[in-house]
Every structure is written in structure tokens, then in C-alpha cells.
Amino acid sequence: MRVGYGFDIHAFGGSKPLIIGGVLISKKKGLIAHSNGDLLIHALIDSLLGAAAMGDIGSFFPSKDKRYKNIDSKILLQNIWEKIKLKNYCICNIDITIIAEYPKMSSYIFSMKSNLSRYLKISIDNISIKATSSKMIGCIGRKEGIACHSSVLILKK
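The structure displayed is predicted, hence computed values, not measured ones. (Residues numbered from 1 in each chain as written. Predicted model: local features only at pLDDT ≥ 70, side-chain atom pairs only at ≥ 80, totals over all residues. Heavy atoms only, no water.)

### Some points on the overall build of the chain
Scanning the chain from terminus to terminus reveals five helices and six strands. Each helix and strand of the chain, placed in order from N terminus to C terminus, yields the pattern β-β-β-α-α-α-β-α-β-α-β. Expected size for 157 residues packed as a compact globule is a radius of gyration near 15 Å; at 15 Å, the chain falls within 12% of this value. Taken over the C-alpha atoms alone, the chain extends approximately 45 × 35 × 25 Å along its principal axes. A buried classification covers 48% of the 157 residues belonging to the chain. Contacts in the chain between residues far apart in sequence, at least 24 positions, make up 71% of those at least 6 positions apart. Roughly 7,800 Å² of accessible area belongs to the chain as shown, and the carbon and sulfur atoms make up 56% of that amount. Charged side chains in the chain number 23 positive and 11 negative. The centres of these two groups are separated by 3 Å. (Helix = DSSP H or I, 4+ residues; strand = E, 2+ residues; numbered from the N terminus. Rg over C-alpha atoms; globule rule 2.2 N^0.38 Å. Buried < 20%, exposed > 50% of the residue type's maximum accessible area, 1.4 Å probe, protein only. Contact = heavy atoms within 4.5 Å. Areas by Shrake-Rupley, 256 points an atom, 1.4 Å probe, with all protein chains shown as cover. Lys, Arg positive; Asp, Glu negative; His and termini not counted. Charge placed at Lys NZ, Arg CZ, Asp CG, Glu CD.)

Structure follows, in C-alpha cells:
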């Protein structure tokens, strides 16, 4: 068994839509990022890579590489998961926490879990996604951005 942890944070801004966990949340208020800015998927990728001792998202998809400009983060996730599966791992469970004052996430969580289940071809019962606020503290509390933590347990088959 191997455990991995990932974290990502992005500031609001730019002209991209807000997409979290593959779910379109807002067409008007997105996050500043090289890819499509799906910080939930970015944190998940880092937790998977950490569990497999394979580095981090930037070592596979550098932000200076124009091939990844505005790319859909689910493509990055599927690419990484294929590499990890080649090492004969399966996912036992995923646990994710989104930290945001805005927007409220509760109505989107089931769709996020459904998307991850589909992208990774694992049972939705093995995916937990929670959301909390920062209680008006710091940059998240000032509604300047969103953060996400991810942990994952993988197992050799």
C-alpha cells in the first residue's frame, strides 16, 4: 500500500470558466492557470504521483510547454493514471477537500465524484469529496482563490 498527498491553489482571474472536478461551475469567474485550471484534478494528480513515487505534475506537464496551454485537466489525469497503472497499481480510495468561500460546492460534489469515477474507471464509492470554507481567513477567506487537498491510497495488484 502507498499513500500520496497533493495540494493546489489558484487565484481567481482571467477569462477562463471555473471548472472543478470536471464540472463547469461558472462561465464568468475562473481561475488563473496554464491549463484549464481544474485545481481538484491537479491536486489529485499530485497525490497519485506522490503515492507512486513518480514526481509531480510539473515534471510531466511543465507550465512553459505550449502543448498544455488551456488543456482539459482530465486529459492530464487520464495520462498520469495510465502511467501509474503500468506499474500495476489500483486505487483503493481518494479523499479530497476543496477550500473555498465562493462558490459553495455542495451542489456540485456528486457530479465531481461521478466524473472522477468515470475518468479513472473506479467505483464512486471509493471517492470522497468534501468542501469547507476558510472562515473568512486569508486569501481564500477574502475570495481571492480556491485551494484543494487530495490524498489517495494505491495498492499493488
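That covers the picture; the talk isn't over yet.
### Quick notes on the UniProt feature "binding site: 4-CDP-2-C-methyl-D-erythritol 2-phosphate" (unreviewed entry) in the chain
When the UniProt feature table is mapped onto this chain, "binding site: 4-CDP-2-C-methyl-D-erythritol 2-phosphate" (unreviewed entry) is found at Asp8, Ile9, His10, His34, Ser35, Asp56, Ile57, Gly58 and Arg142. Across 135 residues, the annotated set is spatially dispersed, with a maximum C-alpha separation of 28.6 Å. Its location among the elements puts histidine 10 in strand E1 (residues 2-11). Those residues in contact with histidine 10 that lie beyond four places of it in its chain are Leu31, Ile32, Ala33, Gly37, Leu39, His42, Glu144, Gly145 and Ile146. Within the structure, the side chain of histidine 10 is placed 2.8 Å from the backbone oxygen of isoleucine 32, a separation counted as a polar contact. Mapped onto the elements of the fold, isoleucine 57 is located in helix H2 (residues 57-60). We classify isoleucine 57 as buried; its relative accessible area is 18%. (UniProt positions renumbered as here; feature names shortened; annotations may be inferred. Polar contact = N/O pair within 3.5 Å; in protein donor to acceptor, adjacent residues only side chain to side chain.)

### Here's the deal with the sheet that holds strand E4 (residues 89-99)
The strands that make up a sheet are held in pairs by hydrogen bonds between backbone atoms, and each pair lies either parallel or antiparallel. Taking strand neighbours across the sheet as the criterion, the four strands line up as E1-E6-E4-E5 in an open arrangement whose pairing is mixed. Sheet topology places E1 and strand E5 (127-132) at the edges, where each strand pairs with a single neighbour. Taking the axes of each pair of neighbouring strands and ignoring which way they run, one obtains an average angle of 15° across the sheet. Here E4 pairs with E5 via six bridges, running parallel. Within E5, the position partnered with isoleucine 98 by the bridge is alanine 131. Each of E4 and E5 is contacted by helix H4 (residues 109-120), which is oriented at about 145° to E5, the strand it contacts most. (Pairing = 2+ DSSP bridges. Axes fitted to C-alpha atoms, helices over the stretch in contact; angles between N-to-C directions.)

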